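Descriptive structure summary
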Amino acid sequence: MLLKEGSMAPSILSRKRTYAELSQSPEVSRVEVKFPVQIRGYVQRFIIMDTTGSKIEAIVRDTNVSRFNMLLTKGRTYTMHHVVFRLDTYAEFHSIRSSYDCTLDHRTAVEPSIVAIQFPPYPKNIMPFTEVYQCPDKTFVDIAGIVVRWCEIERVGTYPNQKLYREVILMDERKNLLVVGIWSNLLARYAISLPSAAADYQVILGTMLRNNFKHGCYETSDHTTFAFNPAHHATGELQAFRRSLVNGSFDLTFVKRFMERRWEYLATVVK
């Protein structure tokens, strides 16, 4: 990575901050997600990742939107100078849950990286199910769990705009359950991997799953990826617990009861 003469060593997004600040060190990061421009309020949001795998939401507003919409491309790595970090007060909607976000404004300079930089294959921070339950509607999360149920395929919507949809039930090491709805594009992409994961109680890591508060589940998005039995620090206990499922020593009857209660609930909200 090339830095301008006199610049300081690169910083990382995961460094803890207790107050708002304008970074003086360059921030090396990759654009993981580039959301469309929000015409209302003229705002654009990006999810960027540093070399440790930590993510943060970058927000661009007003006259800066056109500039950064042209400058930043999904999947590319950049060195960013003069990024404004601020504490997240939850006073406004955020795409991901974090203790702070950052703003790219007229002071921010962006340079495409000309040297290959190694990024981890998975996000560093995987959200526990207990925190996932507390996220606001439409929030994106990265999670990991054991596949304990592969539900029937459904057709959602009205003809001719129907889409294929299928739900899987994930369980964490504390026996908490989470429903993940998978839409047709991901069903096709993981047509072999997902059924195999369900048959073998595999651990899967899902990124950028979006909260559907009304239907009580998280759904795949255009930004979602799945990894199967990944080597990640957050999956160690899951792999140990998975062995009791594979050898049949753990009773999963409560999963069926969970699904029955879910369908009773959906009958009250789906018209």
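Structure's up top.
A brief look at the structure comes next. (Residues numbered from 1 in each chain as written. Predicted model: local features only at pLDDT ≥ 70, side-chain atom pairs only at ≥ 80, totals over all residues. Heavy atoms only, no water.)

1. Examining the environment of Ala109
Following the sequence through the fold, Ala109 ends up in strand β8 (residues 109-112). Taking the C-alpha atoms as reference, Ala109 lies 8.3 Å from Thr79; in sequence the two are 30 residues apart. Residues in contact with Ala109, not counting those within four places in the same chain, are Arg67, Thr79, Met80 and His81. (Helix = DSSP H or I, 4+ residues; strand = E, 2+ residues; numbered from the N terminus. Contact = heavy atoms within 4.5 Å.)

2. Overview of the nonpolar core
The nonpolar side chains of soluble globular proteins are, as a tendency, buried together. Counting residues in hydrophobic clusters, the biggest one holds 22 residues, and the most contacted among them are Ile143, Leu170, Val180, Ile182 and Phe226. Put simply, the parts of the chain that give this core at least two residues each are α2 (129-132), β9 (140-150), β11 (163-171), β12 (177-183), α3 (184-189), α4 (193-199) and β13 (203-212). (Core = buried A, V, L, I, M, F, W, Y, C linked by side-chain atoms within 4.5 Å. Buried < 20%, exposed > 50% of the residue type's maximum accessible area, 1.4 Å probe, protein only.)

3. Topic: the environment of Cys102
Within the secondary structure, Cys102 is located in strand β7 (residues 100-103). Relative accessible area serves as the criterion here: at 0%, Cys102 is assigned to the buried category. With 56 residues separating them along the chain, Cys102 and Phe46 place their C-alpha atoms 9.9 Å apart. Apart from residues lying up to four places away in sequence, Cys102 is in contact with Ile48, Ile56, Glu57, Ala58, Ile59, Val83, Val84 and Phe85.

4. Observations regarding the pattern of salt bridges
Where charged atoms from two side chains of opposite charge come close, those side chains can pair. Enumeration according to the criterion identifies 7 salt bridges in this entry. When the shortest N-O distance is used, the salt bridge between Arg30 and Glu32 registers 2.5 Å. Residues Arg107 and Asp105 are paired through a salt bridge, measuring 2.7 Å at the closest nitrogen-oxygen approach. Look at Asp105 and you get buried, because its relative accessible area is 10%. (Salt bridge = Lys/Arg side-chain N within 4 Å of Asp/Glu carboxyl O.)

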